[in-house]
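Analysis of the macromolecular model
Each chain, written out:
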Amino acid sequence: MTEVLPVEGFNFGPILIAQQPFSALPWVVMLPLIAALLCFTLYNIKAQRVISLLLGIGQMLLTVWLASIIAEDAASSVVHQLGGWPAPLGIVLTLNGFSALLLVMAAVIGFAITVYSCRYFTSSEQERKFWPLFWLLLVALNGIFISSDIFNLYVMLEILGLSAVSLVAIQAQRGALQAALQYLLVGLCGSLLYLFGVALLYRTYGVLDINLLSKVVIAEPVSQLALTVITLGLLLKTALFPLHFWLPSAHSNAPAPVSAALSGLVIKGSFYLLFVFWFKILSPAATFAGATFLGVLGAIAIVWGSVKAFNTPRLKLVVAYSTVAQLGYLFVLFPLFFGRPDLAMGAVAYFIVAHACAKAAMFMAAGSIQKAAGHDDIARMSGIASKMPLSIFIFAIAGASLIGLPPTGGFIAKWLMLTSAIESQQWWWVLVMLAGGLLAAAYLFRILNLAFTSGQDVPSEPLKNGPRERLWGPLILVTITIFIGFNAMWVLELLNAGTGVFALQPTDGLMTELANGSVNTAPSKEGL
Amino acid sequence: MFKTDDVSAKPAHVFYKALIMVSMLAVTLSLLWVVLPAEVHSNAVAQKITQNMAQSGVLNPVTAVLLNFRSYDTLLEIVVLLVVAIACMPMHRGTVHTHEPVITSSSVHSLVALLVPLITLVAGYMLWVGAFAPGGAFQAGALLASCGLLIILSRKFTFEFHTLTARICLVMGLTIFVGVGIMSQQSGLFLQYPVESAAGLILFIESAATLSIAATLLVCYLALAQANVRSNAPSAIQPMMQPAKVEQEK
Amino acid sequence: MMSQVELYTFCAVILLGMGMTGLILNQHIIRKIIALNIMGIGIFMLLISTAGVHSGAIDPVPHAMVLTGIVVAVAGSALALNLAARLKDMTEQADD
């Protein structure tokens, strides 16, 4: 990192992105914020679309640049002290390999949704409200990935939740409003539980910064209570079984670009936070038993979500239940992280990226099918593949990624997960993962089968095909899904840079369990 | 449990309620058992704040923390308000709603005419005194919003949500905050105020924020009032009271 | 007896428990929103209780956290009330 001389007074120089990456880091949050302010002030729809497209491209360039900085210098991590005040006085923003990857993912999926939304809305009132709220959602998401202060993360979580709820409630229909209200209550409860954990941690340790906190936390009842409460709050927001009750109605009743953002991005934000708390901040308080409990809940979620998806008559509801099932995989990785952290880390990151791309593309394809057919009913969609080939193609590729078929990114993610399960000798998770793949195949093939075969007795219904350009968005995403299926090493190298921060610190909990032999793992590598 | 039932929902079974109450009692007691004996932290951060107060530009430590040391949090707090303002704004452009005054007695009218300038003055004072004593942008914004509420409740008026002026009022605070943050980069670090102009910058940001906060609170109230205008109620407040009455009758 | 910190902490946890119970048990949306607010107040009390423990300067960081938290709670309640009012409005229009 080059040295910067402090200058007195106002300095207009570093307004544009400076050569130092650390001064560019807040722009990841400021750029979407400026986009939101512009979109809100200019109420003209064409202006909003142009601003969104331009700034979406800018955001992608910025995040890719930051990720390349991290990738080439493996030991670096970008640190930005806001206001010039070091922690614990002020708030610090940091970037490591994992968060850089997630930033790129958020920017790319955000851009794909932007392209899709330019041609989606029929009501201009809804679209006028959509753009500023969508950009504020991206502000919150990027803020979660770069922040290094647990109270700042609370405010970001709130922005994320409130903007997600507002986006669901854009449609003035009864189902959407009810789903939005339920989502809001659940989200507020989850945030308050998270704040309770933050209050306990500050009360006991006196620091809010993540790096400082991870150095002083010890395994005592208060920190374990804080971990429990934070986990409970974040599980409410991430919709793990049995706290998933709000997700199907919220994600299926929202407009399609909103559903894509919710399933693809919003859920990953709170999951990322949960992951950071378990394996970085409060890792002394994390126990293998707790992680196994989360894994068991994840396994139940996989089975439950898949069974419900198989039985649902509505297309968007199937995709929403599929989200519930796929999130189970992420939680099955928690006990595997205790066994082999390096493999599990790659699996977590890959799975997040692959699932986000696939699910967002799937929701957008389902949305365009719904717009064209006028309804959501799977039973009336026989033979639709010949009339809407592009949408079904996108749906099929996204489905292949969810099932875990090569050469998609989902296959690499499942491969990494299975490898980490086998290497850490926790065989039962392998069975769960394989069963999950079969069940996903079941409910996805049911839809595709119906789409490709035209039934004789069902009259073909007229379709109003929408503008073709909006499907470029999900097309980008499925292309990326296949791309990362072929080029796994690029992603994994980015991850290895700076993910040493996710090493499990050997502490009382884990060490005594290993000594007693109650944890049946292969010798785990310390750190990465 | 979290379903939003209408007023006509059946009450849950008594056993189910008792079970939840007992389990919540157990949870609360276990929380007490864990939290009460826990030691409170040492005061390292507060000492650091005291050491750095001279460079923060204000005398009140809470304002220094809110608007200088942890100004990013305050920026995001205003973003939260903006999200809610955008979400609450009614959809349909061009529909002008005329609200009948709620308070109809003339003595209260003249009292309101006297109070509104005084409250505005107090709001300005709260904004100014935030640098030395408890006060600041949020308190002043809430007072200004109460001014607006008094006017709404006692006068017949119309309100257009979708004009450019309204939108500029709503985004003004955030725009100035972000603008100052970008402009005041000294060593490439965001939101780093130069020490000699820190006090002026903080006051500038707080003034803009006061306007935005008051505007957001008023928009939220007016959106609620407008949603109830269509419910055949003579005043805007009554529909919110009716569900409670129906509950008591059961 | 209890010290000041312990008393505030006790009350804060009681409020938190009451708020959560109210959120789960109540059916009416306004009561749920009030219960959420009570939960929030309990947490703010827990934060504030630590501010004056040590002699010397009080710790201003919990004060700042509570101020931010209050604003966020108000914003959340406003959104919830707005959605509930729109839903009620829509239900009444459907019943007409």
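Please read all numbers here as calculations on a predicted model, not as lab measurements. (Residues numbered from 1 in each chain as written. Chains lettered and ligands numbered in written order. Predicted model: local features only at pLDDT ≥ 70, side-chain atom pairs only at ≥ 80, totals over all residues.)

1. Quick word on the overall build of chain A
Formally: Going along the chain from the N terminus, every DSSP run of H or I of four or more residues is numbered as a helix, and every run of E of two or more is numbered as a strand. Three exposure classes are used, all based on how many other C-beta atoms lie within 10 Å of a residue's own C-beta (placed from the backbone): buried at 20 or more, exposed at 12 or fewer, and partly exposed between those limits. By the convention adopted here, residues make contact when the C-beta atoms placed from their backbones lie within 7 Å.
Secondary structure summary: chain A contains 21 helices and 2 strands in total. Counting only residues that meet the buried cut, chain A has 64% of its 528 residues in that class. When contacts within chain A are restricted to residue pairs at least 6 apart in sequence, those whose partners lie at least 24 apart make up 81%.

2. A closer look at the overall build of chain C
Threshold: The atom set for the radius of gyration is the C-alpha atoms, and the globule formula is 2.2 Å times the number of residues raised to the power 0.38.
Along its length, chain C carries 3 helices and 0 strands. Reading chain C from its N end, one meets helices and strands in the order α-α-α. Taking 96 residues into account, the globule formula puts the C-alpha radius of gyration at 12 Å, and chain C, at 18 Å, lies well above it. Expressed along its principal axes, the backbone C-alpha trace of chain C runs to roughly 65 × 25 × 10 Å. A burial count over chain C gives 58% of its 96 residues as buried.

3. Thoughts on the nonpolar core
Inclusion rule: Any set of buried Ala, Val, Leu, Ile, Met, Phe, Trp, Tyr and Cys residues joined through C-beta atoms within 7 Å is what this text calls a nonpolar core.
Core analysis: the largest hydrophobic core is formed by 329 residues, its most contacted members being A:Leu101, A:Ile159, A:Val168, A:Ala180, B:Val79, B:Val80 and B:Val84. With 23 residues, the single largest contributor to this core is helix α14 (residues 341–373) of chain A. Dropping the residues within four chain positions of it, B:Val84 is found in contact with A:Leu162, B:Thr216, B:Cys220, C:Ala75, C:Ala78 and C:Leu79.

4. Considerations on unusual backbone geometry
Residue and element names in this part refer to chain A. Backbone torsion omega between Ala87 and Pro88 reads 5 degrees, so that peptide bond is classified as cis. With respect to the helices and strands, the residue Pro88 is situated in the loop between β1 (78–81) and β2 (92–95). Here the residue pair Pro406 and Pro407 is connected by a cis peptide bond, since its omega of 0 degrees sits within 30 degrees of zero. Here Pro407 is to be found in the loop between α16 (389–403) and α17 (409–423). Phi at Ala239 is positive, roughly 60 degrees, even though this residue is not glycine.

5. Remarks on the interface of chain B and chain A
The test is simple: Nonpolar residues are Ala, Val, Leu, Ile, Met, Phe, Trp, Tyr, Cys and Pro. Charged residues are Asp, Glu, Lys and Arg, and all others, Gly as well, are polar.
The partner chain A presents 64 residues to the 50 residues of chain B that form the contact. Of all elements in the fold, only α1 (14–35), α2 (44–52), α3 (61–69), α4 (71–88) and α7 (164–183) of chain B reach the threshold of two or more residues within the side of chain B that touches chain A. Per-element tally for the side of chain B that touches chain A: the top contributor is α4(B), with 11 residues. Split by residue class, the side of chain B that touches chain A holds 28 nonpolar, 15 polar and 7 charged.

6. So, the interface of chain C and chain A
Contacts between the two partners involve 23 residues from chain C and, on the opposite side, 21 residues from chain A. A total of 13 residues in the side of chain C that touches chain A trace back to one element, the largest contributor, which is helix α3 (residues 60–95) of chain C. Considering only residue class, the side of chain C that touches chain A consists of 16 nonpolar, 5 polar and 2 charged.

7. Things to note about the confidence of the model for chain C
Keep in mind that low pLDDT regions are not for reading the predicted coordinates in detail. Residue and element names in this part refer to chain C. The following threshold applies: One confidence number per residue, pLDDT, is output by the predictor and ranges from 0 to 100.
For chain C, mean pLDDT is 89; residues scoring 70 or higher make up 96% of the total. Model confidence for chain C, summarised as mean pLDDT per element, is weakest for α3 at 90 and strongest for helix α2 (residues 29–48) at 95. Listed scores for the predicted complex are pTM 0.89 and ipTM 0.96.

8. Observations regarding the environment of A:Ile34
Tracing the chain through its elements places A:Ile34 in helix α2 (residues 27–41). For the pair formed by A:Ile34 and A:Asn449, sequence separation is 415 residues and the distance between their alpha carbons is 45 Å.

9. A few points about α3(B)
Think of an α-helix as 3.6 residues a turn; residues three or four steps apart then line up on the same face. Of all 9 residues in α3(B), 9 are buried, a share of seventy percent or more. Looking only at α3(B), the buried set comprises B:Pro61, B:Val62, B:Thr63, B:Ala64, B:Val65, B:Leu66, B:Leu67, B:Asn68 and B:Phe69.

10. Remarks on α2(B)
As a reminder of what qualifies: It is the directions from the helix axis to the C-beta atoms whose arc is reported.
Within α2(B) the residues assigned to the buried category are B:Val45, B:Ala46 and B:Ile49. Around the axis of α2(B), the buried residues are gathered within 100 degrees of arc, so they sit on the same side.

11. Quick look at the packing of helix α6 (residues 150–168) of chain A against helix α11 (residues 256–281) of chain A
All names here are of chain A. Going by this rule: Convention adopted: a line fitted to C-alpha atoms gives each axis, helices being fitted over their contacting stretch, and angles between N-to-C directions are expressed from 0 to 180 degrees. Angle categories: roughly parallel below 35 degrees, roughly antiparallel above 145, roughly perpendicular from 65 to 115, and oblique for all the rest. A crossing counts as left-handed when the near helix is turned anticlockwise from the far one by less than a right angle, and as right-handed when that turn is clockwise.
Axis separation between α6 and α11 bottoms out at 11 Å; the angle between their running directions is 160 degrees. One way to sum up the angle between α6 and α11 is to call them roughly antiparallel. The hand of the α6/α11 crossing is left-handed. Where α6 abuts α11, its residues Leu153, Leu157, Leu160, Ala164, Leu167 and Val168 lie against Val258, Leu262, Val266, Gly269, Ser270 and Leu273.

12. Brief notes about the confidence of the model for chain A
Residue and element names in this part refer to chain A. When pLDDT is averaged across chain A, the result is 84; 87% of the residues are at 70 or more. Every residue in residues 1–19 is under pLDDT 50, and counting partners more than four places away or in other chains gives 27 contacts. pLDDT under 50 marks residues 503–528. Its contacts with residues more than four places away, or in other chains, come to 48 contacts.

13. Comments concerning the environment of C:Ile29
Mapped onto the secondary structure, C:Ile29 falls in helix α2. Note on C:Ile29: 23 C-beta atoms within 10 Å, which makes it buried.

14. Points about the packing of α11(A) against helix α13 (residues 315–339) of chain A
Residue and element names in this part refer to chain A. Running from amino to carboxyl end, α11 crosses α13 at an angle of 15 degrees, the nearest separation of the two axes being 12 Å. If you check the angle between α11 and α13, you find them roughly parallel. Crossing handedness for the pair α11 and α13: right-handed. Each of Ser259, Ser263, Ile267, Phe271, Trp278 and Phe279 in α11 lies in contact with α13, whose residues at this interface are Lys316, Thr323, Leu327, Leu330, Phe334 and Phe337.

15. Details of the environment of A:Leu157
You can see A:Leu157 is positioned in helix α6. Setting aside residues no more than four positions away along its own chain, A:Leu157 makes contact with A:Ile144, A:Ser191, A:Tyr194 and A:Ser270.

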